[in-house]
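Single-letter residue listing:
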Amino acid sequence: MLVLQENISLIPYNTFGIDVKARFFAEIFTPEDLVELRNSAVFKENKLLILGGGSNVLFTEDYEGLVLKVSIPGIVTEISDSQVVVTAGAGVIWNDLVNYCVENGFAGMENLTLIPGTVGASPIQNIGAYGVELKDVFESCEAFELATGEFKKFDYSACHFAYRDSVFKNELKGQYIITRVNFKLFTRIRINSQYGAIQSLLAERRITHPTITDISKIVAEIRVSKLPDPSTIGNAGSFFKNPIIERAEFEKLKHAFPAVISYPAGEGKVKLAAGWLIEQCGFKGITEGHTGTWKNQALVLVNHGGASGKEVYSFSEKIIDTVSSKFGVKLEREVNIL
Ligand code: FAD
Ligand code: EPU
């Protein structure tokens, strides 16, 4: 049964720890709850915000509508030959799913260890870390169409995955609630250890034949050393995307700044490390009012306590302007601004 609350604080529901309120708040635990919700007056009369773990949002004001927390639980596994399909409810905590897969010897997700948030949000921006993206393990997802009240299945090709991007951030933005995701994993070990930091730690520990448990542990270690823990300092991970620019533009940049950090990003394109660009502008580890950037990773904006979303947003504008003046590169926000 749907329980509706009014005027509730969203502090526990956003990892930035921004103090705003939702006019209405509901939590759903089954896909069928969505049918009931869609028939309710509060749904028909209000704008809707879908929320998982709130780890990729910045609230800049109270939400004058209905905030819907998706908490559909459950993990189901189907093993066939060397492949396994794992189905997880949208409300499953992403890292719980990763741990479940690693413990059961299902390979493919271990590089995505410790990413905060829920399974339902994972396809939205095609989460990625340490050489793997969600798209590499995605089979399909089930979603509820708000306009019609029907459930629909999206296969890989329908999702248009790209770096921190999918159809759900573009053409279909705000139109579907993801209820379940089906992942294809492997029972035979397929390790992805190409990321520099993983290779260094494997070499340091003389691990020549890593298991998925080794990779998961190493990724967790790297992440803890670089990223702030939202339970102690508010943040939403990388605030900006790593910019992708044309190779010709990159060559000019490289000429002016030979140390610029870059990666190949497909035909004629180059991806830049936004953290490096921001650090070069003198922003790493600084505090400005109640906000700032993390001491070990300039790409992460933090709430030092009591920051408003507007304050964090203005600080992000200052970063965008400064990086643009110095490097001629326009940073795009990765976090969803509300
Ligand atoms: P929310 O923040 O609740 O929502 C994010 C967006 O998805 C919103 O637009 C929301 O409306 C939509 N949404 C959520 N659930 C659903 C649903 N069921 N159906 C439809 N739409 C939905 N991200 C990475 O990719 N890689 C990283 O390495 C990484 N590291 C991070 C480290 C830290 C410390 C933090 C705080 C964040 C990090 N992130 C990273 C960002 C974040 O973890 C991911 O974006 C994650 O997928 C967000 O999940 P969530 O459930 O918290 O989503
Ligand atoms: N760097 C700096 N200064 C900084 C930060 C980074 O010089 O302050 C340099 C590093 O030395 C490194 C390069 O930039 O050479 C890349 O840094 P890192 O490996 O930390 O990764 P990133 O590109 O900054 C991306 C993702 C992260 C993900 C990591 C690991 C984006 C926007 N961010 O960060 O995702 O965990 O790679 O794969 O793509 C997130 O999305 O919230 C997130 C944390």
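A. Quick look at the sheet that holds strand 16 (residues 269–272). Strand order in the open sheet made by the 3 strands is 14-16-15, with antiparallel pairing throughout. Single-partner strands in this sheet number two, and they are strand 14 (244–246) and strand 15 (262–264). Direction aside, neighbouring strands of the sheet carry axes that sit 35° apart on average. Pairing of strand 14 with strand 16, which is carried by 3 bridges, proceeds in the antiparallel orientation.

B. Molecular detail of the site of ligand 2. The immediate surroundings of ligand 2 are formed by 23 residues, with Tyr130, Tyr163, Ser238, Glu279 and Glu334 found nearest. A distance of 2.7 Å is found between an oxygen atom of ligand 2 and a backbone nitrogen or oxygen belonging to Ser238. The side chain of Gln297 places a nitrogen or oxygen atom 3.0 Å from an oxygen atom of ligand 2. Compared with its free state, where it exposes 820 Å², ligand 2 has 83% of that area covered by protein. Listing elements by their share of the shell around ligand 2, those giving two or more residues are helix 5 (212–226), strand 13 (234–238), helix 7 (274–280) and strand 19 (297–303). Classifying every residue of the shell around ligand 2 gives 11 nonpolar, 5 polar and 7 charged. Looking at which domains feed residues into the shell around ligand 2, each of domain 2 (75–186) and domain 3 (234–337) gives three or more.

C. Examining the site of ligand 1 more closely. Near ligand 1 there are 31 residues, and of these Ile50, Gly52, Ser55, Thr118 and Arg223 occur at the shortest range. Taking Gly52, its main chain carries an N or O atom lying 2.7 Å from an oxygen atom of ligand 1. In the model, a nitrogen atom of ligand 1 is placed 2.8 Å from a nitrogen or oxygen of the Ile178 main chain. Relative to its unbound accessible area of 980 Å², ligand 1 is 93% covered by the protein chains. Every element with two or more residues in the shell around ligand 1 is listed here: strand 3 (48–51), strand 8 (128–129), strand 12 (176–186) and strand 13. Residue classes in the shell around ligand 1 are distributed as 15 nonpolar, 14 polar and 2 charged.

D. Up close: the sheet that holds strand 10 (residues 138–145). Taken in spatial order, the 5 strands of this open sheet run 6-7-12-10-11, and their pairing is antiparallel. On the outer flanks of this sheet lie strand 6 (75–80) and strand 11 (151–155), each paired with one strand and no other. Strand-to-strand, the axes of this sheet are offset by a mean angle of 20°, without reference to chain direction. Pairing between strand 10 and strand 12: 7 bridges, direction antiparallel. Directly across from Cys141, in strand 12, lies its bridge partner Val181. Packed on one face of the sheet, helix 3 (residues 94–103) meets strand 6, strand 7 (83–89) and strand 12 and runs near 155° to strand 7.

E. Just the environment of Glu145, in detail. Note that Glu145 resides in strand 10. A polar atom in the side chain of Glu145 sits 3.2 Å from the side chain of Tyr176.

F. Seen up close, the pairing of strand 18 (residues 291–294). Inspection of the sheet shows strand 17 (residues 287–288) paired to strand 18 by 2 bridges, in the antiparallel sense. Of the residues in strand 18, the one forming a bridge with Thr287 is Gly292. Linking two consecutive strands that pair antiparallel, namely strand 17 and strand 18, is a turn of 2 residues; a positive phi of about 65° is found at Gly289 within it. With 4 bridges joining them, strand 18 and strand 19 adopt antiparallel strand pairing. By the bridge assignment, Gly292 is partnered in strand 19 with Val302.

G. Structural context of the domain arrangement of the protein chain. By the assigned domains, the protein chain splits into domain 1 (4–70), domain 2 (75–186) and domain 3 (234–337). A straight line from the C-alpha centre of domain 1 to that of domain 3 covers 29 Å. Tallying the contact residues gives 11 residues for domain 1 and 17 residues for domain 3. Surface buried jointly by domain 1 and domain 3 totals about 1100 Å² across both partners, of which 54% is contributed by carbon and sulfur atoms. For domain 1, the biggest contributors to the area lost against domain 3 are Phe16, Asn56 and Leu58; these three give 58% of the whole. At the boundary of domain 1 and domain 3, one finds 0 salt bridges.

H. The pattern of salt bridges, seen in detail. Taken as a whole and judged by the stated rule, the model has 12 salt bridges. Here Lys135 and Glu133 are joined by a salt bridge, their closest N and O atoms 3.8 Å apart. For Glu133, a relative accessible area of 16% gives the class buried. Here Glu221 makes a salt bridge to Arg205, at a shortest N to O gap of 2.6 Å.

So, how was this worked out
Residues numbered from 1 in each chain as written. Chains lettered and ligands numbered in written order. Predicted model: local features only at pLDDT ≥ 70, side-chain atom pairs only at ≥ 80, totals over all residues. Heavy atoms only, no water. Pairing = 2+ DSSP bridges. Helix = DSSP H or I, 4+ residues; strand = E, 2+ residues; numbered from the N terminus. Axes fitted to C-alpha atoms, helices over the stretch in contact; angles between N-to-C directions. Near = heavy atom within 4 Å. Polar contact = N/O pair within 3.5 Å; in protein donor to acceptor, adjacent residues only side chain to side chain. Areas by Shrake-Rupley, 256 points an atom, 1.4 Å probe, with all protein chains shown as cover. Nonpolar A, V, L, I, M, F, W, Y, C, P; charged D, E, K, R; others polar. Domains from an automatic or database assignment. Contact = heavy atoms within 4.5 Å. Buried area = accessible area lost by both parts, 1.4 Å probe. Salt bridge = Lys/Arg side-chain N within 4 Å of Asp/Glu carboxyl O. Buried < 20%, exposed > 50% of the residue type's maximum accessible area, 1.4 Å probe, protein only.

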